[in-house]
Structure formats: structure tokens, C-alpha cells
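Take a look at the letters that make up each chain.
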Amino acid sequence: MSDQQRSGAEQDGFVFTPRKNGQAQSVSDELAAWMRTGWADTERRDLEPVAQAEHTARRRAALSAAFPGERLVVPAGQLLTRSNDTEYPFRAATDYAYLTGDTSDGGCLVLTPRADGGHDAVLYLKPRSNRDNGEFWLGGYGELWTGRRNSLSEAADLLGVATADVRTLPDALRADAVTTRIVRGHDADLDAIVDELRADADDEARAKSAKLDEDLGVTLADHRLVKDEWEIAQLQLAVDATVRGFNDVVTALPQAKDTSERYVEGTFFLRARVEGNDVGYGTIAASGPNATTLHWTRNDGPVRDGDLLLLDAGVETTTLYTADVTRTMPVSGTFTDLQRKVYDLVYAAQEAGIAAVAPGRPFTDFHNAAQRVLAEGLIEWGLLEGPVDRVLELGLQRRYTLHGTGHMLGLDVHDCAVSRQEVHLYGDLKPGMVLTVEPGLYFQPDDLTVPEEYRGIGVRIEDDVLVTEDGRRVMSEGLPRTSADVEAWLAERMPR
Ligand code: GLY
Ligand code: MN
Ligand code: MN
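Predicted model, so just to flag it, every value in this text is computed and none were measured.

Draft legend 1. Main features of the nonpolar core. Met329, Val342, Trp381, Leu441 and Phe443 are the most contacted members of the largest nonpolar core, which totals 89 residues. Sorting elements by how many residues they give to this core places helix H10 (residues 229-251) first, with 10 residues. Beyond its immediate sequence surroundings of up to four residues, Met329 is in contact with Val250, Leu253, Asp307, Leu308, Leu309, Leu311, Val486, Trp489 and Leu490. Counting 16 residues, the second largest nonpolar core, distinct from the first, contains Ala221, Leu225, Val437 and Val474.

Written as C-alpha cells, this is what we have:
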């Protein structure tokens, strides 16, 4: 077959499939030959390991010790098609990022057990695109389209782990019958290969092997509960960038009043992007009654004087650690009496919650402390009937408080969700854990159980708190929290 008919042909392992609406359906021999030549050697040979490398090595060693004699497969995940030949922005799987420090798509970490104990770690990655067979410019996923990748040797130097071509991974997995666990749900092809390895198992054995995979995910979530020094520093970077984003939003409030909640969302996102970061979850920019919808991400409502604006947003660093912060502010600059009353109760609940964050305290304490303050306030206002212990026992305050008072924070905004209850939900706090404390009160616009003037008010205050050796540190203390300080913040920053 001549190069003129290269379309659909396979050459050196690369299949050129012309784009469906592509204008160039074939490649002349002359162009193909010319594109093979004339490229500089850009290989970097002087790379030092990234700062995270010593931490990822320690994390892999901890995982190795938990699963002696078994092969562990931790995929990064694949690009997800948005439409036709465009994809959603990629975000590497959390456990993969935790164990490798890599954030690129399509890779996979494999820990293979050694006869003498321990494991060998190999990071399977996409290599640089082949220039001889045209892959680098003819396929939509070649580097000419998507940007230069690290070579396998560059990645090994940077990440401090052996690397190999990910296209060799399926054969490597099939070649060895060792017991294998995979962090499931990120890479359908690899999940299928692991299933294949278990294909001759009966139903009972298959059910047991599904549990193998689940246990791997649970163990990793358990390991991620206590953050190391490097992770805490990354979270602080995320929080500090988030503080700058909130300050920008206050400065931009007049433009938001002229447009919509979108201006708030966009302003925060701009700050994240210009500093090289992203957001860790969909920004909630909720003004007026939208603040009573917990995950309001439509952000298409008006921002009006007299209303409260609830902004729940978090910058995610390039290393994938995210902040999760909420402030509720009066758009006009000043709370009404009722808004202040609601805000101050939520603040008091948050203070009680933060005070209950300390090493050795049960994880549930901060939630219970905050809920008690909220329930007492709601009883005092005549919205609930006491006594408070009955209200709390029956959970009646939840009609207005709706959600738990906080959650672990780290690589995931709701971090370590699958970890074992005895070390997380029903465990004790330990130094190095990071959690949010985020009580709220929400009076739905159509809730007939509260006086009309309460309806449509939603307030949440959310901060990120590190458990220290002797107590706690509020990582997001760069933002004001009391109603008076919020007003002073608006007065200082919002142009009038
Ligand atoms: N932003 C979601 C949450 O606060 O949990
Ligand atoms: Mn939040
Ligand atoms: Mn949160």
C-alpha cells in the first residue's frame, strides 16, 4: 500500500484513522518523509526528583506492607469523551496521584510482589509519540495535538520510580497469574483484564475477588486520612489561593449585581486559572433563596442588594489538593437584623464545632457540638419545640441544618469517604487530619413552618481545619468569619 493510501492503514503499530470531518484524507510520501526529519533532540537529562517523590515512595512502601505477596494495580484513568473527538478536562484518579505524584492520563502504577518480600513499583505511562510512524502528528492524541509529554526516562527521574510503556501493560498483567487487586472504576480496559485473570473462578471466588478490590480502595482511603507534611503544605497553598479568590469576588460584587451569580463563579475561576490551578468542585455561587439549595451550581440567578450571597468554592492545586471554603455575605455590604441573627447563630455553631476539633476527640464531636448550638438557637426562636436533647435525639433540627457539619479534606473534597468507619466516622481525630467545619441554616422559600421573613435565607460558614499535636489550626483564617468582620471586609474591598 502506498503512503498516498495511508488512510486507515496500520504502520509500526500506529493506525491512522482520518478525522470524520477532516480535510486531509491522505498523506503524500513526500510529506510523510519530511515530517519524520528535522526535529531537535529535546530529551532532558538533568532532572531532579520532585519534592513529593520521597513521600510517594513512603506511601507505596506502606501499601506494599499491607498486601504482601499480591500484585496491586492503581490506574490513573482515561480521558472521557465529551462529544465526537473532544474530551472533558482530565483529572487523575486520587489514589494514583497519591502514590505517584503524577497527574497525567492513561497511566497505571503496578506494585509487583518480590520473592524476598516487598514489591517492585513500575509506573506504566504513555511514552513520547513516535515520530517515525507519524503517530505524533497524524493521530488526534499525538503530542503535536496535545502537547509534549515527559519521556519515560524523564518521568522516572522526576517521580523517582521505574517507568515502562503503558502499551506493554496488558501483556505484563496476563503473563503472571499472581493474585491481583485493582482500584476499580477508573480504567475499564484494565478492570476487564483483571476480570479475565479471574475468569475461571466460580461465583463464590468472584464475589471474594470483588472484595479484594474493595479492600484495596478502603486501605488506601485509610492511609490517606492522616496527611504528611508535604500534603499539609499543598492544602495550605490551595487554601491561600482560595482566600485570594474570595477577595477578588468581593471586589467584583458590583459587576455581579449588574449580571448574575455567573460573575461570581467566573471571578473565582479566573483567580484559580491565572495562578495555574483549577477548582476542586463546581463553585456554588448562590444568592438570595438559591443559598438554600445546598449544591446550587447553576449559578444563573441575580445578585441583589438586600440578599445574602453564599459562595462555596475551593482552589485545587496542580498537585490535586483542594480547599473547600464558604462565606455568606450581604450583597449590600450590611446584614439586615434577621440575616445577622441567623448568621451569628451559624457562627456560634461553627465556633463550638472548631473548638471540638482536637487530637483524641471522636470525629463525631465537632458535628454534635455545632448541631447542639443550632438546635438551641432554633428552640429559642420558637422554630422548634424543646427540650434540646429530644430535638437532637430525633434530629428535628435537620429540617433547617440539612447536612453534616463537615468532612475530611485532601485530594478529594469529600476525602477518604470509603475509609473504615472505625478509623474515620467512629474513630478519633489524629494530628495531621484535615477537615471542614461548616454548619449552616437554610430556610426554604416554600417552608411554611417558619415565619415568612425567614424564608429564602441560607447561611453557611465553612473553614478548613488541621488537627495539630495540641489542638487545631484554622487554615482558612485569612478570611473574616464574624458578621462584623464580614461587613468590614466588604466595606474595605467592595467599590461603592
Ligand atoms: N462544597 C461541598 C461541601 O462543602 O461539602
Ligand atoms: Mn464547601
Ligand atoms: Mn465541605
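Draft legend 2. Geometry of the sheet that holds strand S3 (residues 71-75). Taken in spatial order, the 5 strands make up an open sheet running S8-S7-S6-S3-S9, and their pairing is mixed. Here the strands that pair on one side only, and so sit at the sheet edges, are strand S8 (162-165) and strand S9 (180-182). Averaged over all pairs of adjacent strands, the angle between their axes in this sheet comes to 25 degrees, without regard to strand direction. In this structure, S3 lies alongside S9, joined through 3 bridges in parallel fashion. Each residue of the ladder has a partner; that of Arg71, found in S9, is Thr180. On top of the sheet, helix H8 (residues 188-197) reaches S3, strand S6 (108-113) and S9; it is set at about 155 degrees to S9, its chief contact.

Draft legend 3. Inspection of helix H14 (residues 365-380) at higher detail. Helix length check: H14, at 16 residues, gives a terminal C-alpha distance of 23 Å against a target of 22 Å (1.5 Å per residue), a fit within 8%. Where H14 is buried, its residues touch helix H13 (337-355), helix H15 (388-394), helix H16 (398-401), strand S15 (434-437) and strand S16 (440-442). Within two residues after H14, Gly382 carries a phi angle of roughly 80 degrees, on the positive side.

Draft legend 4. Local environment of the coordination of the manganese ion (ligand 2). Looking at the manganese ion (ligand 2), the protein donor atoms are Asp312 (OD), Asp312 (OD), Asp324 (OD) and Glu462 (OE), and they sit 2.0 to 2.3 Å from it. If you look at the manganese ion (ligand 2), its 6 donor atoms make angles of 58 to 169 degrees with each other, and the shape they trace is irregular. Along the chain, the residues that donate to the manganese ion (ligand 2) are spaced as D-x11-D-x137-E. A separation of 3.3 Å is found between the manganese ion (ligand 2) and the manganese ion (ligand 3), which are bridged by Asp324.

Draft legend 5. Structural view of the pairing of strand S12 (residues 308-313). The buried count for S12 comes to 6 of 6 residues, which makes it a mostly enclosed element. Where burial is concerned, the two faces of S12 agree: the one with Leu308, Leu310 and Asp312 and the one with Leu309, Leu311 and Ala313 are both buried. Judged from the 4 bridges that link them, strand S11 (residues 284-287) and S12 form a sheet pairing that is antiparallel. Bridged to Ala286 within S12 is Leu310. Taken together, the 6 bridges between S12 and strand S14 (residues 325-330) define a ladder with antiparallel strand orientation. Opposite Leu309, over in S14, you have Met329 as the bridge partner.

Draft legend 6. Just the coordination of the manganese ion (ligand 3), in detail. Each protein donor to the manganese ion (ligand 3) is listed here as Asp324 (OD), His407 (NE2), Glu438 (OE) and Glu462 (OE); together their distances run 2.1 to 2.2 Å. Of note is the manganese ion (ligand 3), whose 6 donor atoms meet at the metal with angles of 52 to 157 degrees in an arrangement that counts as irregular. Considered as a linear motif, the donors of the manganese ion (ligand 3) on their single chain read D-x82-H-x30-E-x23-E.

Draft legend 7. Layout of the sheet that holds S12. Pairing is antiparallel in the open sheet, where 3 strands are placed in the order S11-S12-S14. Among the strands making up the open sheet, the edge pair consists of S11 and S14. Each strand of the sheet is rotated relative to its neighbour by a mean of 10 degrees, with strand direction disregarded. Contacts between helix H12 (residues 261-274) and the sheet are confined to S11 and S12, with S11 contributing the most and set at about 150 degrees to the helix.

Draft legend 8. Structural context of the pattern of salt bridges. Counting across every chain of the model gives 37 salt bridges. In this structure, Arg271 engages Glu275 in a salt bridge whose closest nitrogen and oxygen atoms are separated by 2.7 Å. Its relative accessible area of 22% is what places Arg271 among the partly exposed residues. Where Asp312 meets Arg460, a salt bridge forms, and the shortest distance between an N and an O atom there is 3.0 Å. Remark: Arg460 occurs in strand S17 (residues 458-460) and Asp312 occurs in strand S12; sequence separation between them is 148 residues. Taken together, the shared-partner salt bridges in this structure form one network comprising Asp95, Arg224, Lys227 and Asp415.

Draft legend 9. The arrangement of the packing of H10 against helix H17 (residues 483-493) in detail. Contact geometry of H10 with H17 gives a least axis separation of 8 Å together with a crossing angle of 65 degrees. You can see that H10 and H17 cross each other, and the crossing is right-handed. Residues Phe246, Asn247, Val250 and Thr251 of H10 touch H17, and the partners they reach there are Trp489, Leu490 and Arg493. Broken down by class, the residue content of the contact of H10 with H17 amounts to 4 nonpolar, 2 polar and 1 charged.

Draft legend 10. Molecular detail of the packing of aromatic side chains. Using the criterion set out here, one finds 8 aromatic pairs in the structure. In this structure an aromatic cluster arises from ring pairing among Trp381, Tyr400, Phe443 and Tyr454. Sitting above the plane of the Trp39 ring, Arg131 keeps its charged end 4.9 Å from the centroid.

Cut-offs applied
Along each chain, residues carry numbers from 1 onward, in the same order as the chain's sequence is written. Lettering of chains starts at A and numbering of ligands starts at 1, both following the order in which they are written. For this predicted model, a pLDDT threshold of at least 70 governs which residues receive local features, and a threshold of 80 or more governs which side-chain atom pairs are given and counted, while totals over whole chains, interfaces and linings are taken from all residues. In computing side-chain values, all of the structure's heavy atoms are included and hydrogens and water are not. Residues belong to one nonpolar core when they are buried, are Ala, Val, Leu, Ile, Met, Phe, Trp, Tyr or Cys, and are joined through side-chain atoms within 4.5 Å. A simple rule labels every residue: compare its accessible area, found with a 1.4 Å probe on the protein chains alone, to the largest value its type can have, and call it buried under 20%, exposed over 50%, or partly exposed in between. The way it works is that DSSP assigns letters per residue, a run of H or I at least four long becomes a helix, a run of E at least two long becomes a strand, and they are numbered from the N terminus. By definition in these notes, contact holds between two residues if any of their heavy atoms fall within 4.5 Å. Any two strands between which DSSP finds at least two bridges are classified as paired. Note on geometry: axes are lines fitted to C-alpha atoms, helical ones only across the stretch in contact, with angles between N-to-C directions running from 0 to 180 degrees. Expected helix span is given by 1.5 Å per residue-to-residue step, counting one fewer step than there are residues. With water omitted from the atoms examined, metal sites may look incomplete; donors here are N, O and S atoms no farther than 2.8 Å from the metal, or 3.2 Å in the case of Na, K and Ca. Geometry is assigned from the angles between donors: four donors with all angles from 85 to 135 degrees make a tetrahedral site, four or six donors whose opposite pairs exceed 155 degrees while the rest stay between 65 and 115 make square planar or octahedral sites respectively, and everything else is labelled irregular. Every case where a carboxyl oxygen of Asp or Glu lies within 4 Å of a side-chain nitrogen of Lys or Arg is listed as a salt bridge. Here is the rule for handedness: rotate from the far helix to the near one, and if that takes an anticlockwise turn smaller than a right angle the crossing is left-handed, while a clockwise turn gives right-handed. Gly counts as polar in this scheme, as do all residues outside two lists: the nonpolar Ala, Val, Leu, Ile, Met, Phe, Trp, Tyr, Cys and Pro, and the charged Asp, Glu, Lys and Arg. Aromatic contacts are taken between Phe, Tyr and Trp rings whose centres are within 6.5 Å, Trp giving its six-membered ring; a plane angle under 30 degrees counts as stacked, one over 60 as edge-to-face, and the others as tilted. When the NZ atom of lysine or the CZ atom of arginine is within 6 Å of a ring's centre and also within 35 degrees of its normal, the charge is said to sit over that ring.

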